[in-house]
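Per-entry structural report
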Protein chains: 2
Amino acid sequence: MDDILLMLPGPTSVAPRVLKAISDNIVNHRSAIFGEIFTETTELMSEIFKTNNQSYLLTGSGTSAMEAAIANTLNQKDKILNIVGGKFGQRFMHIAKAMGGNPQELAIEWGDAVTPEQVKEALDKDEDIKAVTIVHNETSTGVAAPIEEIGKVVKNYDALYIVDTVSSLGGDRVDVDKFGIDICVTGSQKCLAAPPGMAAMTLTDDAWKVIDNVDSKTYYLDMKKYRKAGSGTPPETPYTPSVSMIYGLAESLKIIKEEGLENRVARHEQAAEATRNAVKALNLELFPREEVSSTTVTAVKMPKGITDSDFRGTMRNKYKVELAGGQDHLKGNIFRIGHMGNITYKQLAITFSAMEMTLKGLGLDIEMGASLAAVNQAYL
Amino acid sequence: MDDILLMLPGPTSVAPRVLKAISDNIVNHRSAIFGEIFTETTELMSEIFKTNNQSYLLTGSGTSAMEAAIANTLNQKDKILNIVGGKFGQRFMHIAKAMGGNPQELAIEWGDAVTPEQVKEALDKDEDIKAVTIVHNETSTGVAAPIEEIGKVVKNYDALYIVDTVSSLGGDRVDVDKFGIDICVTGSQKCLAAPPGMAAMTLTDDAWKVIDNVDSKTYYLDMKKYRKAGSGTPPETPYTPSVSMIYGLAESLKIIKEEGLENRVARHEQAAEATRNAVKALNLELFPREEVSSTTVTAVKMPKGITDSDFRGTMRNKYKVELAGGQDHLKGNIFRIGHMGNITYKQLAITFSAMEMTLKGLGLDIEMGASLAAVNQAYL
């Protein structure tokens, strides 16, 4: 494997002790010993979600958990309010459509965040809305949505509050019970800093009440089956799980617990601030308004006259730092710096060293050291 | 982790070099370097499937691939013939039902195998059948179905031939193109001897023609999206895959190629024969008729007067060998010995040593050494 520093909004670099954990011997996923690991992992997940409810592990990407959230709660033709301000908000809508639901789009300009007032207005306008979906941290635009405030709105309506925290949990403030989130979904490979391939979700009693009255549109992701298998002795999954990835997730969650969730979020906030300041020090322009910008990924407008392939290609091939590009209509127009998981000043020092050299090399008038000074200043 | 010999019909013991492979650094799943690993893995999969068609990797259990096979090919109310002689045959039917299809059960007694004539009769009776599902190796009963002969029947009808080779591929004879299989699905953790968590499938042009005219019932497992992402540069998956598990699968497939698929199947056949002979040498009774018995798992009737928990509990706790029990109505009535993956005489020597001591300890009149002699005889 090549020695590339991953500054992506997932997957993130994985700690050696996590890589060691996943290489442990495979045990029977229906044995007592695995039941213990499984229970420990789901309990740690609930702690990180900040919920008293049970958490569930799915072998699949974050998208599989997004689908599980919709496929188990939506009857044919049911109206669902999808807040869409980027690719992942859109995904919820596409899933709702694929499941035979009746998605109602609340469209937000890509790069901006929805407001609680907009959500209230949409819910007031249509009392048939059965659920609201929102992406906490819109990875595609680098925007964080005010999920706590929106939770206060949604709880006044008879609609489930479904929140995607795939690229925020473990890096930004998520408090499932306090925020009134009915179904919270996440993925392993973002701020949790485990390898990709696992998803997790947690559900309130209100969510289960709906699920118990809906025929699941999926078999593999039928949450009633997960609930039943998960409450057995030993607790297990209905279908064979990725045993090694659960070892890895467990180890990652232990690392989070050792660090302390509050400390971890503060570390991400510091990295986000350092990143934004460094970007501005290079006279580059942030893509979203700063007030709504993400704690885990920073989106930056591509400097005029520089192509994405020159910029990110040089960053990757010459300086061995991998950034993400824009998606869909933002392709070529923005680049994204992921600062999630095990992020410290070290990765930012490398990233902005590489960025200064890259931009200078591509002919931009860059004040060498300016972004690095900004990083240091933020960490001092 | 404890030092238990897994003699299960999956997961199986994983070679150290596979465990080493999965602990390699995570790379970006949308990078050229991952594209190379991904391409190599899907090409190896196609070699093992014995098909000229493209193979696809799914992050999920074998069940996810079973669902993908149905959800992408079945319109609402479409009739599908499900051959059901055990838990996994049943699963295809349950999935078809969950997807809104109209499953037609061809029920076979658990422990017996369907015949080509029965399939022909069912297809002759109903010309609306759009697909036939069959489980090659019914893990729950230890029965192998004659998928080659049934393929010759199905190709005379306008129905897709969908075959689950989850617990046979890499251990029993599977030849996708020759057998006329339209959709073949498998899992990583059985005869391929990779860790659990990945599934694979391959599809013919006929299958794609159907898929192109059906709205996928699933988003996460929408094969059109996998085809599109898989044909990009670099080739990739539509959603984040389990990068580490693909490393592991690739390494496992390389091991298979080094061994040679024919040699590997012969090794499994030898292990199956040795196991059956050893079981008979202990005067235990095989569950399925020997002519239809599986090459990768042997199901045995529980000796009279011995409980499952005493038998398998002693095997596991005292002698550190883990066998599988019966499922559903066979629970307590049979036990199952998995002999798949890296199986040699060594594991059988340990297993039957343990079994002789266990049964003797539980009061059975066992001729010590008889089953071990049978194993040796088969391998001599």
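Residues numbered from 1 in each chain as written. Chains lettered and ligands numbered in written order. Predicted model: local features only at pLDDT ≥ 70, side-chain atom pairs only at ≥ 80, totals over all residues. Heavy atoms only, no water.

**Remarks on the interface of chain B and chain A**
In many reports, interface size means the accessible area that the parts give up when they come together. Listed as interface residues are 51 residues of chain B and, on the opposing side, 51 residues of chain A. Interface of chain B and chain A: buried area, both sides summed, is about 4,000 Å²; carbon and sulfur atoms make up 65% of it. On inspection of chain B and its partner chain A, the count reaches 0 salt bridges. Here chain B and chain A share 12 residue pairs in polar contact (both at pLDDT 80 or more) between them. Looking at the side of chain B that touches chain A residue by residue, the class counts come to 24 nonpolar, 20 polar and 7 charged. (Contact = heavy atoms within 4.5 Å. Buried area = accessible area lost by both parts, 1.4 Å probe. Salt bridge = Lys/Arg side-chain N within 4 Å of Asp/Glu carboxyl O. Polar contact = N/O pair within 3.5 Å; in protein donor to acceptor, adjacent residues only side chain to side chain. Nonpolar A, V, L, I, M, F, W, Y, C, P; charged D, E, K, R; others polar.)

**Here's the deal with the packing of aromatic side chains**
This model, assessed by the stated rule, comprises 14 aromatic pairs over all chains. Centroid distance Tyr226(A) to Tyr239(A): 6.3 Å. Interplanar angle 85°. Geometry classified as edge-to-face. Of this pair, Tyr226(A) sits in helix 9 (residues 223–230) while Tyr239(A) is found in the loop between helix 9 and helix 10 (243–259), placing the two residues 13 residues apart along the sequence. Note on Tyr239(A): relative accessible area 4%, which makes it buried. On the basis of an interplanar angle of 25° and a centroid distance of 5.6 Å, the ring pair of Tyr219(B) and Tyr239(B) is categorised as stacked. Taken together, the residues span a long stretch of sequence, with Tyr219(B) in the loop between helix 8 (205–211) and helix 9 (223–230) and Tyr239(B) in the loop between helix 9 and helix 10 (243–259) at a distance of 20 residues. (Phe/Tyr/Trp six-rings, centres within 6.5 Å; stacked < 30°, edge-to-face > 60°. Helix = DSSP H or I, 4+ residues; strand = E, 2+ residues; numbered from the N terminus. Buried < 20%, exposed > 50% of the residue type's maximum accessible area, 1.4 Å probe, protein only.)

**Details of helix 10 of chain B**
A turn of α-helix holds 3.6 residues, and therefore any two residues three or four places apart point the same way. Residue and element names in this part refer to chain B. Spanning 17 residues, helix 10 covers 25 Å between terminal C-alpha atoms, matching the ideal 24 Å at 1.5 Å per step. With respect to burial, helix 10 is a largely interior element, 13 of its 17 residues being buried. Positive phi shows up at Gly 260, right after helix 10, with a value of about 95°. (Expected span 1.5 Å × (residues − 1).)

**Quick word on the confidence of the model for chain A**
On average, chain A scores 97 in pLDDT, and the residues at 70 or more come to 99%. Listed scores for the predicted complex are pTM 0.96 and ipTM 0.95. (pLDDT = per-residue confidence, 0-100.)

**Comments concerning the packing of helix 2 (residues 32–49) of chain B against helix 10 of chain B**
All names here are of chain B. Contact geometry of helix 2 with helix 10 gives a least axis separation of 9 Å together with a crossing angle of 45°. In this view, helix 2 runs oblique relative to helix 10, as classed from their interaxial angle. Helix 2 and helix 10 meet at a crossing whose hand is left-handed. Residue-level inspection shows Phe 34, Ile 37, Phe 38, Glu 40, Thr 41, Leu 44, Met 45, Glu 47 and Ile 48 of helix 2 in contact with helix 10, the latter providing Val 243, Ile 246, Tyr 247, Leu 249, Ala 250, Leu 253, Lys 254, Ile 256 and Lys 257. In terms of residue class, the contact of helix 2 with helix 10 is built from 13 nonpolar, 1 polar and 4 charged. (Axes fitted to C-alpha atoms, helices over the stretch in contact; angles between N-to-C directions. Parallel < 35°, antiparallel > 145°, perpendicular 65-115°, else oblique. Left-handed = near helix turned anticlockwise from the far one by under 90°.)

**Points about the relation of the copies chain B and chain A**
Aligned on chain A, chain B shows an RMSD of 0.0 Å; the corresponding rotation is 180° and the shift along the axis is 0.0 Å. Accordingly, the operation relating the two chain copies is best matched by a two-fold axis. Most of the interface of chain B is mirrored in chain A, where 100% of its interface residues again form contacts. (Least-squares fit on C-alpha atoms with pLDDT ≥ 70 in both.)

**Considerations on the pattern of salt bridges**
Residues and elements named next belong to chain A. Evaluation of the coordinates by the stated rule reveals 46 salt bridges over all chains. The closest approach of N and O atoms between Arg 264 and Glu 259, which form a salt bridge, is 3.1 Å. Judged by relative accessible area, which is 23%, Glu 259 ranks as partly exposed. Taking the shortest distance from any N to any O, the salt bridge between Lys 280 and Glu 290 comes out at 3.0 Å. Residue Lys 280 is found in helix 11 (residues 261–281), and its partner Glu 290 is found in the loop between helix 11 and strand 11 (297–301); the two are separated by 10 residues along the sequence. Since its relative accessible area comes to 37%, Lys 280 is described here as partly exposed. A relative accessible area of 31% places Glu 290 in the partly exposed class. What you see here is one network of salt bridges that share partners, running through Arg 17, Glu 251 and Glu 258.

**Concerning the side chain of Asp175(A)**
With respect to the helices and strands, Asp175(A) occurs in the loop between strand 8 (160–164) and helix 7 (176–179). Buried and unpaired, Asp175(A) has no salt bridge, with Lys50(A) as the nearest side chain of opposite charge at 4.3 Å. (Lys, Arg positive; Asp, Glu negative; His and termini not counted.)

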